[in-house]
Every structure is written in C-alpha cells, then in structure tokens.
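# Structure at a glance
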There are 2 protein chains.
Amino acid sequence: MTASAASVPAVSPALSIPDFVTHWQGHRALTRRVIEAFPDDQLFTFSLGGMRPFGAQATEIHLVDAMTVTAMRTGEWPEPDWASGPTDKAGLLAAWDEVSAELEQHGPHTDPAFFNQMHALPWGEMPGWVAAIYAVDNEIHHRAQGYVYLRALGTEPPAFYER
Amino acid sequence: MTASAASVPAVSPALSIPDFVTHWQGHRALTRRVIEAFPDDQLFTFSLGGMRPFGAQATEIHLVDAMTVTAMRTGEWPEPDWASGPTDKAGLLAAWDEVSAELEQHGPHTDPAFFNQMHALPWGEMPGWVAAIYAVDNEIHHRAQGYVYLRALGTEPPAFYER
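Cut-offs applied
The residue numbers shown here count from 1 along each chain, following its written sequence. Numbering of ligands from 1 and lettering of chains from A proceed in the order in which they are written. Two thresholds apply to this predicted model, a pLDDT of at least 70 for residue-level local features and 80 or more for giving and counting side-chain atom pairs, whereas whole-chain, interface and lining totals are computed over all residues. Note that the side-chain values use all heavy atoms of the structure and ignore hydrogens as well as water. Helix and strand assignments follow DSSP, with helices taken as H or I runs no shorter than four residues and strands as E runs no shorter than two, numbered in order from the N terminus. Expected helix span is given by 1.5 Å per residue-to-residue step, counting one fewer step than there are residues. In this scheme, a residue with accessible area under 20% of its type's maximum is buried, one over 50% is exposed, and one in between is partly exposed, where area comes from a 1.4 Å probe on protein chains only. By the convention used here, residues are in contact when the closest approach between their heavy atoms is within 4.5 Å. As a working definition, buried area equals the accessible area (1.4 Å probe) given up by two parts on being put together, with both sides summed. By definition, a salt bridge exists where a carboxyl oxygen of Asp or Glu is found within 4 Å of a side-chain nitrogen of Lys or Arg. Under the rule applied, a polar contact is a pair of N or O atoms within 3.5 Å (in protein, one hydrogen donor and one hydrogen acceptor; residues adjacent in sequence only if both atoms are side-chain atoms). Any residue outside Ala, Val, Leu, Ile, Met, Phe, Trp, Tyr, Cys, Pro, Asp, Glu, Lys and Arg is labelled polar, Gly included; the first ten of those are nonpolar and the last four are charged. By this definition, two strands are paired if DSSP reports at least two bridges between them. Only rings of Phe, Tyr and Trp enter the pairing, Trp through its six-membered ring, and a pair is recorded when the two centres are within 6.5 Å. The plane angle decides the type: under 30 degrees is stacked, over 60 is edge-to-face, the rest tilted. Space inside and on the surface of the protein is sampled on a 1 Å grid over the protein atoms alone, with a cavity defined as a set of points where a 1.4 Å probe fits but cannot get out and a pocket as an open set with protein on both sides within 12 Å along at least 5 of 7 lines; lining residues have an atom within 4 Å of a point. Grid points are joined across faces, edges and corners, and a volume is the space filled by probe spheres set on the points. To get an axis, a line is fitted to the C-alpha atoms, and for a helix only the part in contact is used. The angle between two axes follows their N-to-C directions and goes from 0 to 180 degrees. Should an angle fall under 35 degrees it is called roughly parallel, over 145 degrees roughly antiparallel, and 65 to 115 degrees roughly perpendicular, with every other angle called oblique. Here a crossing is taken to be left-handed if its near helix is turned anticlockwise relative to the far helix by less than a right angle, and right-handed if that turn runs clockwise. Residues enter a nonpolar core if they are buried and are Ala, Val, Leu, Ile, Met, Phe, Trp, Tyr or Cys, with the set joined through side-chain atoms within 4.5 Å. A least-squares superposition brings the copies together, and it is based on the C-alpha atoms of residues with pLDDT no lower than 70 in both.

## Concerning helix α3 (residues 54–74) of chain B
Residues and elements named next belong to chain B. Helix length check: α3 (21 residues) gives 30 Å between terminal C-alpha atoms against 30 Å at 1.5 Å per residue, within 8%. Most of α3 sits inside the fold, with 16 of its 21 residues counted as buried. Directly beyond the C-terminal end of α3, a positive phi value near 80 degrees is found at Gly-75.

Below is the structure:
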C-alpha cells in the first residue's frame, strides 16, 4: 500500500469531496436564482405565517454558508455577527458570489480529515460531514420557504431540479 | 494491498455510505413528525399560493424515497404509479415506516459501485450519488413548504435541527 493510498480512509464513499462541492454549488446557483426572482421591494418585506421575509432568511443562509466554507478551508468556526449581513438584493448577490468563488477555489482541496473530525460550532459539537451537510440542508429548507412566498406573490419560482 | 482494500475506490469521502443512511434517516424522522403535526382534516386539503396540500407533497416524497431505497437495494428504478400513494395520514405514516425499515436494513449494505454508476431514472440518466441525494433534497424542499403551511395554520412545526 502506498503512502498516498494509506492516507485515504478505507470507507466506501457515498459522496466524494469534489462531488459534495459540485452538489453544493448547484444548490447555491439555484438559491441565487430564487433571490433574483423576488421583486426588489418584496425581498426584505414580504412574509407569510408570521415568518421572516425571504431576504432575512437568505442573509442567514449566506452567513451559515460563509462560515462553513471558511471552516472547510481553515478548520475554524468563528461565529458571525448575525446582524452583519447584506440588507438589499445587490449586496446579498455580491456577497453570495464571493462565497461561491471561495468554495470553487478551496472546497475541492478540503483536508479529508475535516469530514470525520469533531468540530465546535456555535450550535454544538459535531463531525465535519454533519456540519457541512447541515449548511446545504439549511439552505434547501429556507429556500423552499422562499418558493412559497414567490408563489403567493404570483411569481413562478426557478425549477427545483435545475442546478 | 488486500483484495478488500483494493475494492474501495481511492477517493476521499465527504460522506460514507452509513453516514448517508444515517443522514437520510434523520430527515425521514423529521418529515414523519411534520406529517404528524398536521391536523388530520388539513393534511390533504390546506394549501397556500395555489400549491398542492402537504399530504399530496408528502405522498410524492414517499414514492420518490421508496423508489430510491429500492434502487439502492436492487439497482432498478421502476417508475411508481404516482396516483397510487396513501391518501390519509394513517396510511401515509404506515407506508413511511415500511420504507424507513427497508432503508435501515439494506441501506448500509448498498453496493459502493451504485453511487458512481449511471442510472436511468424516470427523469433522466445520472450517477447514483446524484439520484440518492436528490431524494433527500426533494424531501427537505417539500417538507419546508409544509413548515409554512403549519405556521399559517398556527401550529409550531418540529425543530428543523432535530433529527
């Protein structure tokens, strides 16, 4: 067994690191289209069921994603200032693109050990793969609430299955 | 290198097969709680924004999940009769539990080759990992729409982060 083969955990992957990055980038592209689909004057104001406007949810997705992408590069999880996110569509889209570029550049080179090591997040201690997948799940979950808002506003949302 | 090690693809996993099954079962348990949280008389009737009632969405999740869990066991993707799903809460929960049991029993033993091979699904040809993750994403997406319905009905949905 070579040194290189020895450094790869002997487990059968459902998902490789580049697959995971590709998967997440597909979701990030879709979420970007959902943000864009909102009328500028409704993104941070329209709501249903007493829930937050989609702009506030998308800003939170952005902060969680940014923290996770940075952690994949550095292993550190400094808690963001949750009030620090963008507050208009142009600012949100610009911040979005910065995180996508960081994920594109550094994500595929994430240390494989990251995924099995335990990490201390602001909301608890968990393995890296749980923390990484949580960011994607959180994005899908809140974005889907944006779909309902768009339908209620009479706007056809972007197709869910297109990435 | 042993024969057993040689059979493991030399890629660094973001997610192992048992991790993937654990992840999905956590989501399935949460979706089950969302189904249960709906008042019996609203599950298949209440809707917002011209969208389908949550019962119809949950039945579709069930059929996609069942197809995917069976494919992980058999490699086959026969298209379900989309009109064949359960139409009341008790029937939906019973069908749900059957699929969870199949996933629990067979999922961890999925042939590792399944995830990288191409599969012909009713909606196109794709690698197994894309097809498998799609089922989970589809579940998160439609379930989140159920969250909005529950809030609009004045019911606090189950916590998203509990699995």
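## A word on the interface of chain A and chain B
Size of an interface, as often reported, equals the accessible area lost when the parts are brought together. Listed as interface residues are 38 residues of chain A and, on the opposing side, 38 residues of chain B. A combined buried area of about 3600 Å² lies between chain A and chain B, and 74% of that area is made up of carbon and sulfur atoms. The largest share of the area that chain A buries against chain B comes from Ala-14, Trp-129 and His-141 of chain A, three residues that together contribute 17% of it. Our count for the chain A to chain B interface comes out at two salt bridges. The partner of Arg-163 of chain B in a salt bridge is Asp-137 of chain A, and the shortest N-O contact between them spans 3.9 Å. Counting across the chain A and chain B interface gives nine residue pairs in polar contact (both at pLDDT 80 or more). Sorting the residues of the side of chain A that touches chain B by element identifies β1 (13–16), α2 (17–37), α5 (113–116) and α6 (128–152) of chain A as the ones contributing at least two each. Classifying every residue of the side of chain A that touches chain B by side-chain character gives 25 nonpolar, nine polar and four charged.

## Some points on the pairing of strand β3 (residues 124–127) of chain A
Residue and element names in this part refer to chain A. Pairing geometry for strand β2 (residues 118–121) and β3, over four bridges, is antiparallel. Considered in β3, the bridge of Met-118 is made with Pro-127. Hairpin connection of β2 to β3: two residues between the antiparallel strands.

## Section: the environment of Met-118 of chain B
Locating Met-118 of chain B in the fold gives a position in strand β2 (residues 118–121). Along the sequence, Met-118 of chain B and Gly-128 of chain B sit ten residues apart, while their C-alpha atoms lie 6.1 Å from each other.

## Looking at the side chain of His-142 of chain B
Residue and element names in this part refer to chain B. Residue position: His-142 is located in helix α6 (residues 128–152). For His-142, a relative accessible area of 10% gives the class buried. Setting aside residues up to four positions removed in sequence, His-142 forms contacts with Arg-52, Phe-54, Gln-57, Glu-60 and Ile-61.

## As for the pattern of salt bridges
Side-chain pairs of opposite charge can arise where the charged atoms are in close proximity. Residues and elements named next belong to chain A. Per the counting criterion, the structure on display carries 16 salt bridges over all chains. Among the salt bridges present, the one from Arg-32 reaches Asp-97, with a minimum N-O distance of 2.8 Å. Placement of Arg-32 in helix α2 and of Asp-97 in helix α4 (residues 89–106) is noted, with a sequence separation of 65 residues between them. Judged by its relative accessible area of 22%, Arg-32 is partly exposed.

## Quick look at the packing of aromatic side chains
Residue and element names in this part refer to chain B. In this structure the tally under the stated criterion is 18 aromatic pairs over all chains. Centroid distance Phe-20 to Trp-24: 5.8 Å. Interplanar angle 45 degrees. Geometry classified as tilted. One end of the pair, Phe-20, and the other, Trp-24, are both in helix α2 (residues 17–37), four residues apart, so they sit about a helical turn from each other. Just as Phe-20 is buried, Trp-24 falls in that class too.

## Some points on empty space enclosed by the protein
Under the criterion given, the structure shown has two cavities of 30 Å³ or more. Lining the largest cavity are His-23, Ile-133, Val-136 and Asp-137 of chain A together with His-23, Ile-133, Val-136 and Asp-137 of chain B. Elements that contribute at least two residues to the lining of the largest cavity include exactly α6 of chain A together with α6 of chain B. For the lining of the largest cavity, a count of residues per class yields four nonpolar, two polar and two charged. The calculated volume of the second largest cavity comes to roughly 30 Å³. Counting residues per element, the ones that place at least two in the lining of the second largest cavity are α6 of chain A together with β1 (13–16) of chain B. With three residues, the top contributor of residues to the lining of the second largest cavity is α6 of chain A.

## Notes on the packing of α2 of chain B against α6 of chain B
Residue and element names in this part refer to chain B. Where α2 meets α6, the closest approach of the two axes is 10 Å, and the angle between their N-to-C directions is 25 degrees. With respect to α6, the axis of α2 lies roughly parallel. Helix-helix and strand crossings are classified by hand; for α2 and α6 the assignment is left-handed. Contacts between α2 and α6 involve Phe-20, His-23, Trp-24, His-27, Arg-28, Leu-30, Thr-31, Val-34 and Ala-37 from the first element and Ala-132, Ile-133, Ala-135, Val-136, Glu-139, Ile-140, Arg-143, Tyr-147 and Leu-150 from the second.

## Examining the nonpolar core
One finds Phe-20 and Phe-115 of chain A together with Phe-20 and Phe-115 of chain B to be the most contacted residues of the largest nonpolar core, which totals 92 residues. Contact partners of Phe-115 of chain B, with chain neighbours within four places excluded, come to Pro-13 and Ala-14 of chain A together with Ile-17, Phe-20, Met-72, Thr-110, Pro-127, Gly-128, Trp-129 and Ala-132 of chain B.

## Notes on the relation of the copies chain A and chain B
With an RMSD of 0.0 Å, chain A superimposes on chain B once it is rotated by 180 degrees and translated 0.0 Å along the axis. Such values leave the two copies arranged in the relation of a two-fold axis. The overlap is high: 100% of the interface residues of chain A also sit at the interface in chain B, so the same surface is used on both sides.

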